[in-house]
Amino acid sequence: MKALSFLLALLITGGSCHSTTGNLNAEGMQNMLSLVRKNDVPGVKAALEQGAAVNTVDENKRSLLLIATNNRHTEMAELLVKYGADVNQQADNLDSPFLYAGASGQTELVRLFLGHGARFDVFNRYYGTALIPACERGHVETVRLLVETTGYPIDHVNRLGWTALMEAIVLGDGSESYQQIVRLLKTAGADLNIPDHDGVTPLQHARSRGFSAIVDILKP
């Protein structure tokens, strides 16, 4: 019934949505957003098959795919990507599905988005990549995937003046997961000597915090 009501709404003429794959009026857009928020995969699939716009956005310019990613609805995200959802489409806060998946440690979705056009030159509100917050939050497997991705900018510096390595040290707690992340970055060829805006290096920050295991990893 949900899918049927949506398809009926789809037939009502009106304005275009923010997409290249279909047209919806305001009611149709709200129905589509509702279906995604409720994780109604069959309903969304039926709507998309009838030409509904896969890149519809809400009042904050969050795309359907970003909403699914925010809610950790993997199957929904996979469906939307299958129908051509833009993995780089940014909301008002500059989140994109790819950036948010990295920041929240959703490795399966990061892998999916990498295979469907994820861009490395689209940045979050801190001018950061998907890798930097993944390092900050200790998402080891997400970090592993990203640093092993050909061409990924592991030494990108965000607006705070921090690399992924710096965030793992400055905002981490020195525990095993952060030690693993530092090892992964080092093995991937990260520059271990890029300082922050104050000229303090990752090694100096690790020493000042008493992260002896990380100090040992960073030592030449």
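So, a few notes on the structure that sits alongside this text. (Residues numbered from 1 in each chain as written. Predicted model: local features only at pLDDT ≥ 70, side-chain atom pairs only at ≥ 80, totals over all residues. Heavy atoms only, no water.)

### Notes on the overall build of the protein chain
Helix and strand counts for the protein chain come out as 13 helices and zero strands. Each helix (α) and strand (β) of the protein chain, taken in turn from the N terminus, gives the series α-α-α-α-α-α-α-α-α-α-α-α-α. Roughly 10100 Å² of accessible area belongs to the protein chain as shown, and the carbon and sulfur atoms make up 49% of that amount. (Helix = DSSP H or I, 4+ residues; strand = E, 2+ residues; numbered from the N terminus. Areas by Shrake-Rupley, 256 points an atom, 1.4 Å probe, with all protein chains shown as cover.)

### So, helix α3 (residues 41-49)
All buried positions along α3 are accounted for by V41, G43, V44, A46, A47 and L48. Taking the backbone nitrogen of G43 as reference, a side-chain oxygen 2.9 Å away marks D40 as the first, capping residue of α3. Just past α3, the residue G51 takes up positive phi, approximately 100 degrees. (Buried < 20%, exposed > 50% of the residue type's maximum accessible area, 1.4 Å probe, protein only. Polar contact = N/O pair within 3.5 Å; in protein donor to acceptor, adjacent residues only side chain to side chain.)

### So, the side chain of N124
Among the secondary structure elements, N124 is positioned in the loop between α7 (107-114) and α8 (131-136). We classify N124 as buried; its relative accessible area is 13%. A distance of 2.8 Å separates a polar side-chain atom of N124 from the backbone nitrogen of G128.

### Comments concerning the environment of A164
Relative to the elements of secondary structure, A164 occurs in helix α10 (residues 164-170). Sequence separation between A164 and A130 is 34 residues, and the spatial gap between their C-alpha atoms is 9.4 Å. Sequence-distant contacts of A164, defined by excluding residues within four places in its chain, comprise L131, I132, C135, I154, H156 and L185. (Contact = heavy atoms within 4.5 Å.)

### Focus on the packing of aromatic side chains
Using the criterion set out here, one finds three aromatic pairs in the structure. Measuring from ring centre to ring centre gives 6.5 Å for F98 and F120, while their planes differ by 35 degrees; the resulting arrangement is tilted. Of the two residues, F98 is situated in helix α6 (residues 97-103) and F120 in the loop between α7 and α8; the sequence distance between them amounts to 22 residues. Residue classification places F98 among the buried residues on the basis of a relative accessible area of 2%. (Phe/Tyr/Trp six-rings, centres within 6.5 Å; stacked < 30°, edge-to-face > 60°.)

### A word on the nonpolar core
The biggest cluster of nonpolar side chains holds 60 residues, and the ones touching the most others in it are V44, L80, F113, L131, L185 and L218. Not counting residues within four places of it along the chain, the set of residues in contact with L131 comprises V143, L146, V147, Y152, I154, A164 and L185. (Core = buried A, V, L, I, M, F, W, Y, C linked by side-chain atoms within 4.5 Å.)

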